[in-house]
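Structural overview
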Amino acid sequence: MTTPNLLLSELIASQSAPHVPLNESLRIIDALLHLAVVNRTTATPPGAPAEGDCYIIAGPATGDWAGLEEQIAFYSGGWQYVTPRTGFAAYVIAEGAWVDYVQSSPSGWQVRETGAAASTDF
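Described below are features of the structure shown in this document. Remember, predicted model here, so these are calculated numbers, not experimental data.

What follows covers the sheet that holds strand β1 (residues 36–37). One open sheet accounts for four strands, arranged β1-β5-β6-β7; its pairing is mixed. Every interior strand has two partners, whereas the edge strands, β1 and β7 (109–111), have only one. As judged from the four bridges shared by strand β5 (residues 89–92) and strand β6 (residues 97–101), these two strands associate in the antiparallel manner. Across the sheet, residue Y91 finds its bridge partner in β6, namely W98.

Structurally, D100 is set in strand β6. D100 sits in the buried class, given a relative accessible area of 6%. At 2.7 Å, the side chain of D100 and the side chain of R112 are in polar contact.

Quick notes on the rules
- Residues numbered from 1 in each chain as written.
- Predicted model: local features only at pLDDT ≥ 70, side-chain atom pairs only at ≥ 80, totals over all residues.
- Heavy atoms only, no water.
- Pairing = 2+ DSSP bridges.
- Helix = DSSP H or I, 4+ residues; strand = E, 2+ residues; numbered from the N terminus.
- Buried < 20%, exposed > 50% of the residue type's maximum accessible area, 1.4 Å probe, protein only.
- Polar contact = N/O pair within 3.5 Å; in protein donor to acceptor, adjacent residues only side chain to side chain.

Printed below as a string of structure tokens:
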């Protein structure tokens, strides 16, 4: 079973190696809790990412990121991915700007207007 919002793996009774799904869930929480991405213009995985680096995958994506456009990629011993949901917000370091994800919009991630609160179009 998974949690309804972030789809984190839940522990089940008599589960062998409960640390595996728990650690995976902690990595996802660590990446998303205060989401700051390097950029949202990279379409190919960087060759030497730092542990904890996050990106919004640009399109058209290539390599290991092919088909994962607009998803959040974060590096934690390897690439992991999270599909954004309406209401997700990220600070884009390269732009010095906030973006909000609105699933029903044509572009998905939208630059937040200066002084505007996170998107409430859920």
